[in-house]
Amino acid sequence: AMPAAHSKITHSDDYVEYCRETARHVRTLHDLALRGRNKEEITRQIHQRIVEAVGLQSGDDLVDIGCGDGTLLRMAERIGTKSAIGLLATDDEVAVLRRSGLNVKQGFADQLPIADESASVVVCNNVLLVVPREKIPASLREICRIAKPGARIFVGEIPFIPGRAPEPKFETRRETLSYLYRTYGLRTWFGMLRRMAHWTLMGKPPVILDGTQISFYAQPDELIGMANAAGLQLVRYWQHEYPDTRNNYLLRKAS
């Protein structure tokens, strides 16, 4: 029997857990891009622009930190780069991408499982915004460590304003469901109802994962200062298009 509708719900902002859960229920490879359904074209365009920004070419050794659904790795394959490796937060995501033949490893931005000075291009797009602020300096130092002298580094989608206010967090199933129905309609309501039924059947505690909340944002001066402190120099920065509340940064490691 379903437990009472008022049984307690807990919330987790753990991004890693959110990635793991996404990988376990992946329907298409693109789900791993964490951009939402039917955004394949946007994902492709964003990566095409990254390829152009860093001037990716056949002689390059690429490391893509937070490689999502592997779009950039497949582009690198077509360009014929010397090597291309992607990193993902969880073994679950790694397993999904490896099945499609890509070279991926589990690793976090602040502890990269990559040798010193081995990458001529490092890309870290749509990643640092979910990394806790206190881990950003270490993440930038790690990017510098793995980069060859003269390497081109793309750090993308850094918000310059805080994220939208988090969704209200209700403690009961009933409140959560009625909020979702009022705010997002039947489909979202039903999706959550199914998840709740699944938790009950599996005897799992009800935990709602809010893993896409923005943890880190920075004005350009601050981000550039942090990059400089890590040993990276600014080449240029520009506003990201969608969403337009983020900036992209092209950096380099002194040769």
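This text follows the structure it describes.
So, here is what we can say about the structure in this document.

What follows covers the environment of R20. You can see R20 is positioned in helix α1 (residues 15-24). With relative accessibility at 22%, the residue R20 sits in the partly exposed group. Along the primary structure R20 and A89 are separated by 69 residues, whereas in three dimensions their C-alpha atoms are 8.1 Å apart. For R20, the residues in contact, after removing those within four places along its chain, are T90 and D92.

Our next topic: the environment of S118. Note that S118 resides in the loop between β4 (104-106) and β5 (119-125). Along the sequence, S118 and I146 sit 28 residues apart, while their C-alpha atoms lie 5.6 Å from each other. Non-local contacts of S118, meaning those with residues more than four positions away in its chain, are made with D61, I146 and K148.

Bringing the environment of Y181 into the picture now. Mapping Y181 onto the fold places it in helix α6 (residues 173-184). Overall, the relative accessible area of 47% leaves Y181 in the partly exposed class. For the pair formed by Y181 and M192, sequence separation is 11 residues and the distance between their alpha carbons is 9.8 Å. With residues near it in sequence (within four places) discarded, Y181 still touches L186 and W189.

Strand order in the open sheet formed by seven strands is β4-β3-β2-β5-β6-β9-β8, and the pairing between neighbours is mixed. Edge strands, defined here as strands with exactly one partner in the open sheet, are β4 and β8 (232-239). Mean inter-strand twist for the sheet, computed between neighbouring axes without regard to direction, equals 20°. Where β5 lies against strand β6 (residues 147-159), six bridges are found, and the strand directions are parallel. Looking at β6, one finds that V122 is bridged to I153. In the packing of helix α2 (residues 40-54) onto the sheet, the strands contacted are β5, β6, β8 and β9 (246-253), and the crossing angle to β6 comes to about 145°. Contacting β6, β8 and β9, helix α8 (residues 220-229) crosses the sheet at an angle of about 155° to β8.

This part covers the packing of α6 against helix α7 (residues 186-202). The contact between α6 and α7 brings their axes to 7 Å, and the two run at 155°. Relative to α7, α6 is oriented roughly antiparallel. As α6 packs across α7, the resulting crossing turns out to be right-handed. In this structure, α6 contributes R173, T176, L177, L180, Y181 and Y184 to the contact, and α7 contributes L186, T188, W189, M192, L193, M196, W199 and T200.

Attention shifts here to the packing of α2 against helix α3 (residues 71-79). One can describe the packing of α2 onto α3 by two numbers: an axis separation of 9 Å at closest approach and a directional angle of 50°. Classed by the angle they form, the pair α2 and α3 counts as oblique. Seen from above, α2 lies across α3 with right-handed handedness. On α3, the residues that touch T43, R44, H47, Q48 and V51 of α2 are T71, L72, M75 and I79. Its residues placed into classes, the contact of α2 with α3 shows four nonpolar, four polar and one charged.

For the structure shown, the criterion picks out 10 salt bridges. The shortest N-O distance in the salt bridge between E241 and R49 comes to 3.0 Å. Here the residue E241 occupies a position in the loop between β8 and β9, and R49 occupies one in helix α2, the gap between them amounting to 192 residues. For R49, a relative accessible area of 41% corresponds to the partly exposed category. Residue K253 is joined to E117 by a salt bridge in which the shortest nitrogen-to-oxygen separation is 3.6 Å. In this pair, K253 sits in strand β9 while E117 sits in the loop between β4 and β5, placing the two residues 136 residues apart along the sequence.

This part takes up the side chain of K253. Among the residues examined, K253 registers a relative accessible area of 11% and is labelled buried. A polar contact of 2.7 Å, which involves the side chain of K253, links it to the backbone oxygen of C144. The contact partners of K253, leaving out residues within four places of it in the chain, are E117, C144, R145, A147, K148, P149, G150, A151, I153, G231 and L232.

Parameters and conventions
- Residues numbered from 1 in each chain as written.
- Predicted model: local features only at pLDDT ≥ 70, side-chain atom pairs only at ≥ 80, totals over all residues.
- Heavy atoms only, no water.
- Helix = DSSP H or I, 4+ residues; strand = E, 2+ residues; numbered from the N terminus.
- Buried < 20%, exposed > 50% of the residue type's maximum accessible area, 1.4 Å probe, protein only.
- Contact = heavy atoms within 4.5 Å.
- Pairing = 2+ DSSP bridges.
- Axes fitted to C-alpha atoms, helices over the stretch in contact; angles between N-to-C directions.
- Parallel < 35°, antiparallel > 145°, perpendicular 65-115°, else oblique.
- Left-handed = near helix turned anticlockwise from the far one by under 90°.
- Nonpolar A, V, L, I, M, F, W, Y, C, P; charged D, E, K, R; others polar.
- Salt bridge = Lys/Arg side-chain N within 4 Å of Asp/Glu carboxyl O.
- Polar contact = N/O pair within 3.5 Å; in protein donor to acceptor, adjacent residues only side chain to side chain.

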